[in-house]
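# Notes for the structure review
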Amino acid sequence: MANASIIDGKAKAAELSEEISAKTSELLERTGVKPGLAVVIVGEDPASQVYVRNKKRTAEACGFHSVQHTLAEESSQDAVLSLINDLNNDAAIHGILVQLPLPSHLDELTITQSIVPEKDVDGFHFKNIGMLTAGHLDGAFVPCTPAGCMLMIEDHLGKDLSGLNAVIIGRSNIVGKPMASLLLKANATVTICHSRTKNLPDVARNADILVAAVGRPKMVGGDWVKPGAVVIDVGINRIQVEVEGETKNKLVGDVDFEAALGNAGAITPVPGGVGPMTIVMLMANTLQSAERAAAR
Ligand code: GUN
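Before going into details, it helps to say that this report is about the structure given with it.

Cut-offs applied
- By convention here, each chain's residues receive numbers from 1 onward along its written sequence.
- Confidence filtering applies because this is a predicted model: local features only for residues at pLDDT of at least 70, side-chain atom pairs given and counted only at 80 or more, and all residues used for totals across whole chains, interfaces and linings.
- Side-chain metrics in this entry use all non-hydrogen atoms of the structure; hydrogen atoms and water are not considered.
- Comment: elements are numbered from the N terminus, with helices defined as DSSP H or I runs of at least four residues and strands as E runs of at least two.
- With a 1.4 Å probe rolled over the protein chains alone, any residue whose accessible area is under 20% of its type maximum counts as buried; one over 50% counts as exposed, and the rest are partly exposed.
- The cutoff for a nearby residue is simple: one of its non-hydrogen atoms must lie within 4 Å of the molecule or strand.
- Nitrogen and oxygen atoms within 3.5 Å of one another constitute a polar contact, given that in protein one can donate a hydrogen and the other can accept it, and given that sequence-neighbouring residues count only through two side-chain atoms.
- In short, Shrake-Rupley with a 1.4 Å probe defines the accessible areas, and a residue's cover is counted only from the protein chains shown.
- Two kinds of site are reported from a 1 Å grid over the protein atoms alone, namely cavities, where a 1.4 Å probe fits but cannot get out, and pockets, open sets with protein on both sides within 12 Å along at least five of seven lines, and residues are called lining when an atom falls within 4 Å of a point.
- The rule for placing a molecule in a cavity or pocket is simple: more than half of its atoms must lie within 2 Å of the grid points.
- Three categories are distinguished: nonpolar for Ala, Val, Leu, Ile, Met, Phe, Trp, Tyr, Cys and Pro, charged for Asp, Glu, Lys and Arg, and polar for the others, with Gly belonging to the last.
- All axes here are fitted lines through C-alpha atoms, helices being fitted over the stretch that makes contact, and every angle between N-to-C directions spans 0 to 180 degrees.
- In this scheme the crossing of two helices becomes right-handed for a clockwise turn of the near helix relative to the far one and left-handed for an anticlockwise turn of less than a right angle.
- Residue contacts are counted whenever heavy atoms from the two residues lie within 4.5 Å of one another.
- Roughly parallel covers angles under 35 degrees, roughly antiparallel covers those over 145, roughly perpendicular covers 65 to 115, and oblique covers all other angles.
- For patch building, the residue pool is restricted to those with more than 30% relative accessible area and no salt bridge; the joining distance is 9 Å between like charges and 5 Å between nonpolar side chains (Val, Leu, Ile, Met, Phe, Trp, Tyr).
- Between Lys or Arg on one side and Asp or Glu on the other, a salt bridge is scored when a side-chain nitrogen of the former is within 4 Å of a carboxyl oxygen of the latter.
- Grid points are joined across faces, edges and corners, and a volume is the space filled by probe spheres set on the points.

Let us now look at the environment of Gly158. Relative to the helices and strands, Gly158 resides in the loop between α6 (144-157) and β5 (165-169). The class of Gly158 is partly exposed, set by a relative accessible area of 29%. Separated by 131 residues in sequence, Gly158 and Leu27 place their C-alpha atoms 29 Å apart.

As structure tokens, then:
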């Protein structure tokens, strides 16, 4: 039985995008500053190319100055660092994003930390991580995926999550850990689970808010979901399915969506849930960076 309301991330992202466009025009008129976003991609990973194209399209729709730098797969570490240095010093650029994963010969940590914190719209710089962890959200950039998840959670449960249990499956620096900081700041009681967690389904069943961010197709079964829980599915997994004798590619989340519908109070679909929200939060961070630059 399907009880859950389906959280329409695509519609919410479109609304936010309209708001960002309006604020962008206002900022440009008032200060002459146009938000500038630079996206750097190294190599030809097909999934990354799709993400980068979507980011560029959304940035242009918001009225931003949008530039993309595509570097060859075999680019040296120095070449990437030199490009980032140029972008750090370019007054027309307010946000810099290096699409991950990088080719294995490159040092991801050195590269992500070389972006100045003021333009680190991904929120990966240690200064931004530190500020988020310490609960100082005003001056920091919050990573885009958890920021988008949080807005959807607030829509259903309000800004104060006192007394609610939040369970995050996945301990990544991009999603799991910053998600925990945001939920904690909102007064939730937070548990982070991972591959070494014992009795994971039992822990999940205790969650009023369940965030799945592991990258394993349909890992979270319907019976892992507490009745009425808000379920946020961050997974984007490409699987092959048989449709009328033909093999087709399909996108699925980390949650078995159909099975979870009966128990969940609200749930994000894949696609159309977290994904569109992530991209729009990148635009929100870039606009915020441009507003801070204009105020300086
Ligand atoms: N690759 C997958 N997710 C992300 C993200 O949030 N930021 C960047 N830069 N690369 C990614």
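Read on for the rest.
The local shell around the ligand consists of Leu97, Val98, Gln99, Leu100, Asp122, Phe124 and Ile174. Residue Leu100 places a main-chain N or O atom 2.9 Å away from a nitrogen atom belonging to the ligand. In the complex, 79% of the free accessible area of the ligand, which totals 280 Å², lies under the protein chains. According to the grid-proximity analysis, the pocket containing the ligand is the largest pocket. Here the residues of the shell around the ligand sort into 5 nonpolar, 1 polar and 1 charged.

What follows deals with unusual backbone geometry. In this structure, the amide linkage connecting Leu100 to the following residue, Pro101, adopts the cis form with an omega of 0°. Cis geometry is found at the peptide bond from Val270 to Pro271, where omega equals -5°. Tracing the backbone shows Pro271 in the loop between β11 (266-267) and α10 (274-295). In this structure, Asn199 is a non-glycine residue whose phi angle is positive, near 50°.

Two elements in contact, α6 and helix α7 (residues 176-185), have axes whose closest approach is 9 Å; the angle formed by their N-to-C orientations is 35°. Regarding α6 and α7, the two cross each other, and that crossing is right-handed. Counting all contacts with α6, which are made through Pro146, Ala147, Cys149, Met150 and Ile153, the residues of α7 involved are Pro178, Met179, Leu182 and Leu183.

Let's shift gears to the packing of helix α2 (residues 46-61) against α10. Across the interface, α2 lies against α10 with an axial gap of 10 Å and an inter-helix angle of 50°. If you check the angle between α2 and α10, you find them oblique. Taken as a pair, α2 and α10 cross one another with a handedness that is right-handed. Residues Asn54, Lys55, Thr58 and Ala59 of α2 form the contact with α10, whose participating residues are Ile279, Leu282 and Met283. Each residue belonging to the contact of α2 with α10 can be placed in one class, and the counts come to 4 nonpolar, 2 polar and 1 charged.

Mapped onto the secondary structure, His94 falls in the loop between α3 (77-88) and β4 (95-98). Those residues in contact with His94 that lie beyond four places of it in its chain are Val33, Lys34, Pro35, Gly36, Glu118, Lys119, Val121, Thr286, Ser289, Ala290 and Ala293.

On the surface, Leu109, Phe126 and Ile129 cluster together into a nonpolar patch covering about 280 Å² of accessible area. With respect to the element layout, Phe126 can be found in helix α5 (residues 126-133).

Counted by the stated rule, this structure contains 1 cavity of 30 Å³ or more. In this structure, the largest cavity occupies an estimated 30 Å³ of space. Lining the largest cavity are Ile96, Leu97, Val98, Thr112, Ile115, Asp120, Asp122 and Phe124. Partitioning the lining of the largest cavity into residue classes produces 5 nonpolar, 1 polar and 2 charged.

Here the largest pocket is characterised by a volume of approximately 1,400 Å³. Lining the largest pocket are 49 residues, with Tyr51, Thr145, Ile236, Gly275 and Thr278 positioned closest to its centre. Every element with two or more residues in the lining of the largest pocket is listed here: α1 (9-31), α2, β4, α6, β9 (237-243) and α10. With 8 residues, the top contributor of residues to the lining of the largest pocket is α2. In terms of residue class, the lining of the largest pocket is built from 27 nonpolar, 14 polar and 8 charged. Around the second largest pocket sit 24 residues that line it, and Ala147, Leu151, Met281, Asn285 and Gln288 are the ones nearest its centre. Breaking the lining of the second largest pocket down by element, the ones donating at least two residues are α1, α6, α7 and α10. In terms of residue count, α10 provides more of the lining of the second largest pocket than any other element does, 7 residues in total. For the lining of the second largest pocket, the residue count by class is 15 nonpolar, 2 polar and 7 charged.

Geometry only, nothing functional implied.
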